[in-house]
Amino acid sequence: ACLGAAITAAPLACLADGQTDKFKLPPINFKDTTRCVFKSSAMGQANGARDTLADFRQCSMNGKSADGFDLAGAIMSEADFTSASFRETVMSKAYARDSKFTNADFSNGVVDRVSFDGSDLRGAIFANAVIT
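About the criteria used
- Think of each chain on its own: its residues are numbered from 1, step by step along the sequence as written.
- Per-residue local features are limited, in this predicted model, to residues with pLDDT of at least 70; the limit for side-chain atom pairs, both in listing and counting, is 80 or more; totals at the level of whole chains, interfaces and linings are taken over all residues.
- Where side-chain values are given, they derive from all heavy atoms of the structure, hydrogens and water being excluded.
- Only DSSP runs of H or I covering at least 4 residues are called helices, and only runs of E covering at least 2 are called strands; the numbering of each starts at the N terminus.
- Exposure categories follow from relative accessible area, calculated using a 1.4 Å probe and restricted to protein chains: below 20% of the type maximum is buried, above 50% is exposed, and the middle band is partly exposed.
- Contacts are residue-level and defined by heavy atoms, with any inter-residue pair within 4.5 Å sufficient.
- Note on areas: these come from Shrake-Rupley sampling with a 1.4 Å probe, and a residue is covered only by the protein chains present in the view.
- Distance and chemistry together define a polar contact, namely a pair of N or O atoms within 3.5 Å, with one atom able to donate a hydrogen and the other to accept it when in protein, and with adjacent residues in sequence counting only for side-chain atoms on both sides.
- By definition, a salt bridge exists where a carboxyl oxygen of Asp or Glu is found within 4 Å of a side-chain nitrogen of Lys or Arg.
- Throughout, a disulfide means two cysteine sulfur atoms within 2.5 Å of one another.
- A residue's pLDDT is simply how confident the predictor is in it, with values from 0 to 100.

### Re the overall build of the chain
Here is step 1: Of regular secondary structure, the chain possesses one helix and two strands.
Here is step 2: Ordered by position from N to C terminus, the α and β elements of the chain give α-β-β.
Here is step 3: Going through the 132 residues of the chain one by one, you find that 38% of them count as buried.
Here is step 4: Relative to all contacts within the chain whose residues are 6 or more apart in sequence, the contacts with residues 24 or more apart total 21%.
Here is step 5: About 7,700 Å² of surface is accessible on the chain, with carbon and sulfur atoms providing 56% of the total.

Okay, here's the thing in structure tokens:
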């Protein structure tokens, strides 16, 4: 009874994506030589489930293609994706803050719940993309 009263008397706010002030990310594995290579998840799920962390922090992915890949849950902060192609790519729940996406192409992609805070999206194309 006391727990029920405490819950109804003082509800706690839940912060949705985009409202959280600070995220705690794992350290970057600079020893992983395949870290800055687009790889699709074999899981086929848009919830970010995968066998290895998709971490593109501080990578130069300028002009590279991830067309049709599943990058759900990827960490894409502080990286350069200038003129990269994400056509028909699933990027659900990606953390893409403070990166360069200048002239990137997200056409027909699923770009839902992605945090682009502080990123440069000038000239980016989102034709027919799902954006939330």
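Past the structure itself, the notes keep going.
### Observations regarding the environment of Cys36
Here is step 1: Within the secondary structure layout, Cys36 lies in the loop between helix 1 (2-9) and strand 1 (110-111).
Here is step 2: Residues Cys36 and Met61, 25 residues apart in the sequence, show an inter-C-alpha distance of 7.3 Å.
Here is step 3: With sequence-adjacent residues up to four places away left out, Cys36 is seen in contact with Phe56, Cys59, Met61 and Lys64.

### Re the environment of Asp55
Here is step 1: Counting through the fold element by element, Asp55 comes out in the loop between helix 1 and strand 1.
Here is step 2: Sequence separation of Asp55 and Leu71 is 16 residues, and the distance between their C-alpha atoms is 9.9 Å.
Here is step 3: Sequence-distant contacts of Asp55, defined by excluding residues within four places in its chain, comprise Ile28, Arg35 and Ile75.
Here is step 4: Side chain to side chain, Asp55 and Arg57 meet in a polar contact 2.6 Å long.

### Some points on the pattern of salt bridges
Here is step 1: Tallying each qualifying case throughout the model produces five salt bridges.
Here is step 2: The partner of Asp105 in a salt bridge is Arg87, with the nearest N and O atoms 2.9 Å apart. With Asp105 in the loop between helix 1 and strand 1 and Arg87 in the loop between helix 1 and strand 1, this pair connects stretches of sequence that are 18 residues apart.
Here is step 3: Taking relative accessible area as the criterion, Arg87 reaches 36% and is therefore assigned partly exposed.
Here is step 4: Among the salt bridges present, the one from Arg122 reaches Asp120, with a minimum N-O distance of 2.5 Å.

### Remarks on the state of the cysteines
Here is step 1: For the structure on display, the rule yields one disulfide.
Here is step 2: Paired by a disulfide, Cys36 and Cys59 hold their sulfur atoms 1.9 Å apart. Of note, the bridge from Cys36 to Cys59 carries an S-S torsion of about -70° and is left-handed in sense. Here Cys59 lies in the loop between helix 1 and strand 1 and Cys36 lies in the loop between helix 1 and strand 1, a separation of 23 residues in the sequence.
Here is step 3: With relative accessibility at 3%, the residue Cys59 sits in the buried group.

### Structural notes on the confidence of the model for the chain
Here is step 1: Overall, the prediction assigns the chain a mean pLDDT of 84, with 76% of residues at 70 or greater.
Here is step 2: Per-element mean pLDDT across the chain ranges from 49 in helix 1 up to 96 in strand 1.

### Description of the environment of Tyr95
Here is step 1: The residue Tyr95 is located in the loop between helix 1 and strand 1 in this model.
Here is step 2: For Tyr95, the contacting residues outside a window of four places in its chain are Phe23, Leu25, Ala74, Ile75, Met76, Ser77 and Ser115.

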